[in-house]
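Topology and contacts: notes
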Amino acid sequence: MCGAQGSKSGSEMEVTWEDQQNINTFSRLNNRFHDLDDEIKSAKEKCDNLEDAGNELILADEEMVRFQIGEVFAHLPRDEVETRIEDMKEATCKSLEKLEEEKVSIVSQMSALKKVLYAKFKDSINLEED
């Protein structure tokens, strides 16, 4: 290869141990980001389903209602089922909030790592989703 020894092309750039650690951290964060997307989607669906169940329970006129516990259905008083559904919905919504907060944190960490890595590697590295 001919050319000036002082200048390095993108493919000849030295990757230090610290750079490799930043790349690995970005990769782990990116994987967690995608996992969080799936978990958030699932939590939203569960919240919606619990909301629908609560609405259906309001329309029900029976005092004893079938309620699924694990893999079996049990006949429980309507008031108890309403309380359980509200508790489940509250827990799911809190979990959803925590997941969304974690996602925001991961996005900011990934953004900071992108700046560091693109500053050093410029066009030699691709950190964007296709």
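Computed from a predicted structure; not experimentally measured.

Note that Thr92 resides in helix H2 (residues 78–121). Within polar-contact distance, the side chain of Thr92 engages the backbone oxygen of Met88 at 2.8 Å. Apart from residues lying up to four places away in sequence, Thr92 is in contact with Ala43, Lys46, Cys47 and Leu50.

Think of two packed helices as two axes; the pair is described by the angle between the axes and how far apart they sit. Relative to each other, helix H1 (residues 17–59) and H2 sit at 160°, their axes nearing to 7 Å. Overall, the two elements H1 and H2 adopt an arrangement that is roughly antiparallel. Our pair here, H1 against H2, has a crossing hand that is left-handed. Looking at the contact of H1 with H2 residue by residue, the class counts come to 25 nonpolar, six polar and 15 charged.

As a further point, take the UniProt feature "coiled-coil region" (unreviewed entry) in the protein. Feature annotation in UniProt assigns "coiled-coil region" (unreviewed entry) to the following positions: residues 26–60. Between the end C-alpha atoms of residues 26–60 there is a gap of 50 Å, over a span that is 97% helix and 0% strand.

The tally for this structure, following the rule as stated, stands at zero aromatic pairs. Cation over ring: Arg66 sits above Phe73, and NZ or CZ is 4.8 Å from the ring centre.

Take the environment of Phe67 next. Within the secondary structure, Phe67 sits in strand E1 (residues 64–69). Counting along the chain gives 52 residues from Phe67 to Ala119, while the straight-line C-alpha distance between them is 57 Å. Not counting residues up to four positions away in its chain, the partners in contact with Phe67 are Val72, Phe73, Ala74, Leu76, Val81, Arg84, Ile85 and Met88.

Right, let's get into the layout of surface pockets. A volume near 310 Å³ is recorded for the largest pocket. In this structure, the largest pocket is lined by 15 residues; those nearest its centre are Ala53, Arg66, Phe67, Gln68 and Ile85. Counting residues per element, the ones that place at least two in the lining of the largest pocket are H1, E1 and H2. A total of six residues in the lining of the largest pocket trace back to one element, the largest contributor, which is H1. The residue makeup of the lining of the largest pocket, split by class, is 10 nonpolar, two polar and three charged.

Rules used throughout
Residues numbered from 1 in each chain as written. Predicted model: local features only at pLDDT ≥ 70, side-chain atom pairs only at ≥ 80, totals over all residues. Heavy atoms only, no water. Helix = DSSP H or I, 4+ residues; strand = E, 2+ residues; numbered from the N terminus. Polar contact = N/O pair within 3.5 Å; in protein donor to acceptor, adjacent residues only side chain to side chain. Contact = heavy atoms within 4.5 Å. Axes fitted to C-alpha atoms, helices over the stretch in contact; angles between N-to-C directions. Parallel < 35°, antiparallel > 145°, perpendicular 65-115°, else oblique. Left-handed = near helix turned anticlockwise from the far one by under 90°. Nonpolar A, V, L, I, M, F, W, Y, C, P; charged D, E, K, R; others polar. UniProt positions renumbered as here; feature names shortened; annotations may be inferred. Phe/Tyr/Trp six-rings, centres within 6.5 Å; stacked < 30°, edge-to-face > 60°. Lys NZ or Arg CZ within 6 Å of the ring centre and 35° of its normal. 1 Å grid on protein atoms, 1.4 Å probe; cavity = no way out; pocket = protein on both sides within 12 Å on 5 of 7 lines; lining within 4 Å. Points joined across faces, edges and corners; volume = space filled by probe spheres on them.

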